Structures are given as structure tokens and as C-alpha cells.
Amino acid sequence: MMDKISSFTRFKAACPFLGRTKTSTLRNLSTSSSPRYPTLSVLTERATKCPVMGPALNTRSKEIVAGYASVAGNIDVDRIHKDKGIVPPPGATIEMCPHASAARAAARMAEDLAAAAKKKKTKAAHHPHAKAAPTTLKDGTAAAAGCPFHQKAAAEAKLATAAEPTATKAKHTGFNYEAFYTEELDKKHKDKSYRYFNNINRLAQKFPVAHTARVSDEVEVWCANDYLGMGNNPVVLETMHRTLDKYGHGAGGTRNIAGNGAMHLALEKELANLHRKPAALVFSSCYVANDATLSTLGSKLPGCVYFSDSMNHASMIQGMRHSGAKRVIFKHNDLEDLESKLKQYPKETPKIIAFESVYSMCGSIGPIKEICDLAEQYGALTFLDEVHAVGLYGPRGAGVAEHLDYEAHVAAGQNGAAIPGSVMDRVDIITGTLGKAYGAVGGYIAGSEEFVDMIRSYAPGFIFTTSLPPATVAGARASVAYQKHYVGDRQLKQVNVRKVKDAMSALDIPVIPGPSHIVPVLVGDPELAKAASDKLLGEHDIYVQAINYPTVARGEERLRFTVTPRHTVEQMDRLVRAVDQVFTELNINRLADWKRLGGRATVGVEGQPEYVEPIWTDEQVGITDGTVPTTLRNGDKPVVDMKAVGAARNVFNNLLGTVEGKIQANRHRVNAEGGVELVTSTLTTKSEMMKSGVAIPIMSQMEGGASEMKDAVEAGASA
């Protein structure tokens, strides 16, 4: 309805609805399409019922019709030209006919506005228009009198809409289901825990920039879990294109029925090698992996008792609950509390200690080695969630468990054999995700062959769901392989995280201290957290999601920033200035304020450190020996390590064939002799075409002419 959310503030005093509605809600309403009237936003649909805006919109709909809306709809009126004996020139589209496209768009917009404003059909007065201008029919739909194609286009729009089933509210004589839904939602609104979903579309060529609901509105993303930008790494995209060409889109079934492909099995081997475990198993997400594994283990082990860190992720909590096993909660990272609870059960009782390596909302790191000590002492299994650590820690990206024995894993290389006595070897079960640092989707477990086979055989969450698409699986494997051979992204991420934390701390912005890459900034109030998020987005084009209850405890609401290797010096400086300004404008507590109030969430608490040394040492980052990567500046291209590219390509030689030379993340289309169309993920040389048995393209048939083909061949040959 308006280009910028901030524009709403001009009308808040005059409009009761705008005045009592939060800006965040208005943003959600104005960027969400009406499910009943696709050309309208939800806010516009509601406005049609307003005694002031309703008539105004009715007038506006007539103006749109009279003025010929320029936005094209989706109804195919190309055949109208053919019916009238008009043959469009080659390459012509319906948009090239201003009359037909305008009538089509005006018909749909006017129809939606009229339908939203009225429940019953009413007759409207007919007004004469210019010869080429459309009129409005009695039911509010647009028609036209000038161009001979107008009326048919508008009529077809009307017929198409009439054919759609009308949404009606279900009527029940018993329980009032709709009222129940409304009451439950009201609870979320009242306790400020209602979740708002922003329309954010990351741009592959501009990461970390994304566009919002309006394609022209671009923002910087500061809260994505694609921690390393691997979602648009060129060798990952190249691999996905090649896989899609060979294997198509879907997997074709569950893993047990037609969906167990070579790509899936190869990814599991890759992950087992990464964690130096005998076996691994891939799930549709790590939420499913945690839920399915913990529920299966707890239900199968007789008398099993879970010992769960108080800050464990919801997926782990749900898995333990679904198992029916007893769950004992110990204080976050508190070894004394954990041991006191383990002591209460005989050593023979099956026990599982479930915990995380990096806790994503506070940035703390679990005491993995010490928990393994307690597990061995009291006869428990260890279940370690490395979701926010895989790809980010360790020389090969296996997570914090690997990082704790950094030099030993560097020396061991890529063979995948276990290192006896290492922390990672001592952990029984490791779970990780492909959807964060690896930039894909999916989750997995890694452990002994017998354990993995048991979960594969019993876990409903694995058995009864469709397998991940081959291209997605291949992209994830390429990402894992790339990161196993290149540490630079991890190092640069740590460098940038330090820069942002230091800059914020210098301005007394209350960063929750921690040794990891997470940058949580305490706000301490749900409405202020949402207001800060809205202000950063609406006024500074910076997107960071507010984190409220139940993700964090009440009173510990925060903004959670994720800094990537792809963020530039200028973007980081702008972020810090914007956050500082928003904190001032909204009067949000600074570190000094929290100290005066006694502190909260380890911020400003007496006895708690204001700074925690990062787990990545200066030597590991490359500061000591001068090999530290350089932070990008605006206009710089991100580093793509060709050695890691070669390693990622090589793992697919047996399935996709060899590929060398320049990485081609985009697709190229050429016409070969005989009308054959080639679609490749790499620039194809003449010799490669001949080897593949495809006739050499005829220059005169090329889409871009002989010069384009010559450039493509030369680029491929010289890459």
C-alpha cells in the first residue's frame, strides 16, 4: 500500500486502526498477499471495509481501470490475437500490446477490489469513457470498449475467477474451531510471543544482500544461518546444475522405496569421514534427525534416562519427550549439577547425556571433554548436537569436538580414520546439519555402524518420509568437501566476528559474552526487541530478527547477529552505527545500565566476565604467522579456493564425470547441429563436444551468433 513502512507513521494519529496497530503488524499485513484476492495485500483487503478508505479504494479502482494499469496479470490472452487474425512478430509477448495487457491487469485489480468491498452484487452506474478506455461492469469487473481484444480479455478473466471455488467459512454445530484458533492466537499476541515472518529473498550474486516483498527493495541480511555463504558458492551451484541435468529434481520416493540413490550414500560416507566415525545417516533436517534418533533410542533402551542441558534445542527436547523415557534436566554447562544427578542412578541403568557444542542463542560452548569424562565414569552415552558448529570449527570443519584437538586433526589429514583418545572419538553420537554453514538443507547423525543401522531400521522420521532431492544432496556434499579442504572461510568469519563484537562493545552495546561466532545483543523486552528489528529494517535496510520467548527466556529478549566472511568492512561499520543509533532512539539499556540494574543473561552480572576469549586462537586464525585472510571491502570478490574446488569436483567423478577449468555456476545454452539443444553447467569446448558424440554447433544457428560461440569456446579452452 505504501513503499516504506515508516510512511505509516504519518497516518497513525488520524486512523484508529493504524494508531493501535504495531508497525511490525502493519508491515506483515502490507507485504502479505490476500489469499482470496491475489492482487491485493491483506492490509488493502482490510481497508476496503473501512468507512473512509473503502470509498477511496472504490474510486481508485475506477481510476486504475480508466487509466490502464501497467502491471501484467497471468491470464494468457495470446490466443485472442490469433482468433482475430493478427500474427505477432517473432518474440512478441502479450505485454507488447498495451491495450490487451492493460485490460487484463485492470480487470483483475478492479475485480479484486470490488469483491473485497462487497458481499453481494450491486448495480453500479455506467459512465461513458473515451473510445479506447474501459468501463466498469455492474459486478465491479473491468471491461473495455476501445481495442477489439479488451472485452474478450476481461471476459476470460471474469470466467477464470468465476470458475474458482468461493472460500466459505466451515460451519459446525458442535465445537467452535475458528474461535479456538483465534483465542490461541490472541494468547500469543498478549504475551508478545507471536512470530512475524519477513519476506526475505537472498540474492545469489549479491550475498549477503536480499530483496524483500518488493523485488526492488534490497536489504543486508545479518541473521542468516548460511554462516559461510556456501549457499551460493560457485562449485556448489555448478555441482547442483550437473546433478539436476543427470538425475532430475525429486528423489522418487522414501529411502526404502526408490529414493536411496548413489548421491545419498556418497554424502553419508562423506559425513562419516568428516567426523571420523564408521557410519552416518542423512535426514530431511536436523530437527528430524534429533527427534527421530532421541525418540527411538529412548523408547528402545530399557529404563533409559536422559540427562538434558537446560538450554538444549527444541528438537532434542521433543525427541526425548516422544521417547517416553525419563528426562532429567541439568543447569546449563554445569558439570557439578550434572554429576550430582548422574550419581542418583546405578551405572547399569541406560543413560544418555544430550547436549550441544555451540548454543546458538547465547553463544556459549559446551564442556565436551568434561562431559565425556562424566559419561565414562557413570556409564552414559554422549549425544552431541554440533548443528551450529559443523563447517565453522576445526581444521576440516567437523565442529567443536574436532577443534579441541586442532593440531592432531591437522596432522591426521583427510583419511577419515578415528584418532583414539581424541574428544571427537570419545563422543558416541554426533548430529549435525547441512542447512547452516554448508548452505543446503538436511540433517544427519554419525556414530557406530550398529547404532546407525538401528536408527535406520526403527526411526519413523527416517523411514516414512521422501528422500532429499539428488541435486540438493550433491550440493551439500560439494559444500562439505570444499570446506574440508579450505579453512580460509572459517578464519575470515572469526576475524569479522571479532571486529563486530569489539566495535559494539566500544559503544557500550550489551553483547552477551561468549567464545563462539554468535553475536547476541541483549534488549531485555519483547516489544523493544521487535521495535529495534523493525527500525533497523525500515530505516536502515538492515535485517536482523528479534528473538523472543519461547526461544529465549522472558526478559532476555535479544537481537542475534550472524557475521559472515562475505560481509564487508563498510557493511560492518554501517551495522554498528545503525544499532548504536537505534539503541539511543529507543532508549534501550546499554551495558552500563544493566550493571546498575544487577545484570541479566550474563550481561552486567557481578562476577561474570565482560569478555570471553574466542575458541579460535590467534594462531589458528592466522594472525600469528600473517596468513590471516583479509576482510572484504565493497566491490571485492570473495575468495574461491581452487584447490578446494578441485577436491569438491573430484568426489563426483564417478557419478557426474570429470570437469576441469573455469567454474561455471550459471547455465549456458547452445544449439547443436540437427536442432539438438545443449544445456551445460560448464563452458563447453569444441573438443569436449566431439568427445561426447555431439555434433559441433553450427555458427549460424547459435543464439548469440558466431562471435558468442567463439567467445564461449575460447573461454572454455583457456580456463
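Computed from a prediction, not measured in an experiment: that's the story for all the values here. (Residues numbered from 1 in each chain as written. Predicted model: local features only at pLDDT ≥ 70, side-chain atom pairs only at ≥ 80, totals over all residues. Heavy atoms only, no water.)

### So, the side chain of Arg 426
Working step 1: Mapped onto the elements, Arg 426 comes out in helix α17 (residues 423–426).
Working step 2: A polar side-chain atom of Arg 426 sits 2.5 Å from a polar atom in the side chain of Asp 373.
Working step 3: The contacts of Arg 426, once residues within four sequence positions are left out, are Lys 369, Cys 372, Asp 373, Glu 376, Thr 382 and Gly 421. (Helix = DSSP H or I, 4+ residues; strand = E, 2+ residues; numbered from the N terminus. Polar contact = N/O pair within 3.5 Å; in protein donor to acceptor, adjacent residues only side chain to side chain. Contact = heavy atoms within 4.5 Å.)

### Observations regarding the pattern of salt bridges
Working step 1: Scanning all chains against the criterion turns up 25 salt bridges.
Working step 2: With its nearest N and O atoms 3.1 Å apart, the salt bridge here joins Arg 596 to Asp 593. Remark: Asp 593 and Arg 596 occur in helix α24 (residues 591–597); sequence separation between them is three residues, near one turn of the helix.
Working step 3: On the basis of relative accessibility, which here comes to 61%, the residue Arg 596 falls in the exposed class.
Working step 4: Ionic contacts of the salt-bridge type, sharing partners, join the residues Lys 369, Asp 373, Glu 376 and Arg 426 into one network. (Salt bridge = Lys/Arg side-chain N within 4 Å of Asp/Glu carboxyl O. Buried < 20%, exposed > 50% of the residue type's maximum accessible area, 1.4 Å probe, protein only.)

### Considerations on the sheet that holds strand β7 (residues 305–309)
Working step 1: Read across the open sheet, the seven strands follow the order β6-β12-β11-β10-β9-β7-β8; overall the sheet is mixed. Edge strands, defined here as strands with exactly one partner in the open sheet, are β6 (279–283) and β8 (326–330). Sheet twist, expressed as the mean angle between neighbouring strand axes with direction ignored, is 20 degrees.
Working step 2: Helix-sheet contacts for helix α14 (residues 368–378) involve β9 (351–356) and β10 (380–385), and the interaxial angle to β10 is about 155 degrees.
Working step 3: Of the strands in this sheet, β6, β11 (429–433) and β12 (443–447) are in contact with helix α18 (residues 449–458), which crosses β6 at around 25 degrees. (Pairing = 2+ DSSP bridges. Axes fitted to C-alpha atoms, helices over the stretch in contact; angles between N-to-C directions.)

### What to know about unusual backbone geometry
Working step 1: Cis geometry is adopted by the peptide bond preceding Pro 208, which originates at Phe 207 and carries an omega value of 10 degrees.
Working step 2: Relative to the assigned elements, Pro 208 resides in the loop between β3 (201–202) and β4 (209–211).
Working step 3: Here the amide bond leading from Tyr 549 into Pro 550 is cis, since omega sits at 10 degrees, within 30 degrees of zero.
Working step 4: Within the secondary structure layout, Pro 550 lies in the loop between β15 (546–547) and β16 (558–561).
Working step 5: A positive phi is found at Asp 508, a non-glycine position, where the angle reads about 65 degrees.
Working step 6: Here Asp 508 shows up in the loop between α21 (488–506) and β13 (519–522).
Working step 7: Unlike most non-glycine residues, Asp 541 shows phi in positive territory, near 55 degrees.

### Thoughts on a nonpolar patch on the surface
Working step 1: A cluster of nonpolar side chains, contributed by Phe 175, Tyr 177, Phe 180 and Tyr 181, occupies part of the molecular surface with about 410 Å² of accessible area.
Working step 2: The topology assignment puts Tyr 181 in helix α8 (residues 177–190). (Patch = residues over 30% accessible without salt bridge, like charges linked within 9 Å, V, L, I, M, F, W, Y side chains within 5 Å. Areas by Shrake-Rupley, 256 points an atom, 1.4 Å probe, with all protein chains shown as cover.)

### Remarks on α21
Working step 1: With 19 residues, α21 extends 27 Å between its outermost C-alpha atoms, agreeing within 8% with the 27 Å of an ideal straight helix rising 1.5 Å per residue.
Working step 2: Positive backbone phi, at 65 degrees, marks Asp 508, one or two positions downstream of α21. (Expected span 1.5 Å × (residues − 1).)

### A few points about the side chain of Asn 548
Working step 1: When you line up the elements, Asn 548 lands in the loop between β15 and β16.
Working step 2: Of the residues examined, Asn 548 reaches a relative accessible area of 13% and is grouped as buried.
Working step 3: Excluding residues that lie within four positions of it along the chain, Asn 548 makes contacts with Lys 192, Pro 526, Ala 529 and Glu 557.

### Quick notes on the nonpolar core
Working step 1: In terms of nonpolar packing, the biggest core is built from 72 residues, with Leu 271, Phe 307, Ile 353 and Ile 368 touching the most fellow members.
Working step 2: When residues in this core are grouped by element, the largest group, seven residues, is from helix α20 (residues 470–484).
Working step 3: Counting 33 residues, the second-largest nonpolar core is a separate cluster that includes Val 521, Val 563, Leu 575 and Val 576. (Core = buried A, V, L, I, M, F, W, Y, C linked by side-chain atoms within 4.5 Å.)

### Examining the packing of aromatic side chains
Working step 1: On inspection of all chains with the given rule, the structure shows eight aromatic pairs.
Working step 2: Considering the side-chain rings of Phe 180 and Tyr 181, the 6.1 Å spacing of their centres and the 65 degrees angle between planes classify their relative orientation as edge-to-face.
Working step 3: Judged by its relative accessible area of 35%, Phe 180 falls in the partly exposed class.
Working step 4: Between the aromatic rings of Phe 307 and Tyr 345, the centroid separation amounts to 5.7 Å while the plane-to-plane angle is 85 degrees, which identifies the pairing as edge-to-face. With a gap of 38 residues between them, Phe 307 in strand β7 and Tyr 345 in the loop between α13 (335–342) and β9 connect regions that are remote in the sequence. (Phe/Tyr/Trp six-rings, centres within 6.5 Å; stacked < 30°, edge-to-face > 60°.)

### Notes on the confidence of the model for the chain
Working step 1: Counting all residues, the mean pLDDT for the chain is 82, and 73% of those residues have values of 70 or more.
Working step 2: Below pLDDT 50 for its whole length, residues 67–77 participates in 27 contacts with residues either more than four positions away or in separate chains.
Working step 3: Segment residues 670–719: pLDDT under 50, and 74 contacts once partners within four positions in sequence are set aside and those in other chains are kept. (pLDDT = per-residue confidence, 0-100.)

### Comments concerning the packing of α21 against helix α23 (residues 569–585)
Angle between the axes and distance between the axes are the two parameters that describe a pair of packed helices.
Working step 1: At a minimum axis distance of 10 Å, the contact between α21 and α23 shows a crossing angle of 30 degrees. Our classification of the angle between α21 and α23 gives roughly parallel. Crossing of α21 against α23: the hand is right-handed. Between α21 and α23, the residues in contact are Asn 496, Lys 499, Val 500, Ala 503 and Met 504 and Met 572, Leu 575, Val 576 and Val 579, respectively.
Working step 2: When grouped by side-chain class, the residues that make up the contact of α21 with α23 number seven nonpolar, one polar and one charged. (Parallel < 35°, antiparallel > 145°, perpendicular 65-115°, else oblique. Left-handed = near helix turned anticlockwise from the far one by under 90°. Nonpolar A, V, L, I, M, F, W, Y, C, P; charged D, E, K, R; others polar.)

### A short note on the sheet that holds β3
Working step 1: Strand order in the open sheet made by the four strands is β3-β4-β5-β14, with mixed pairing throughout. On the outer flanks of this sheet lie β3 and β14 (542–543), each paired with one strand and no other.
Working step 2: Of the pairings in the sheet, the one linking β3 to β4 comprises two bridges and is antiparallel in character. Along β4, the bridge assignment pairs Arg 202 with Ala 210.

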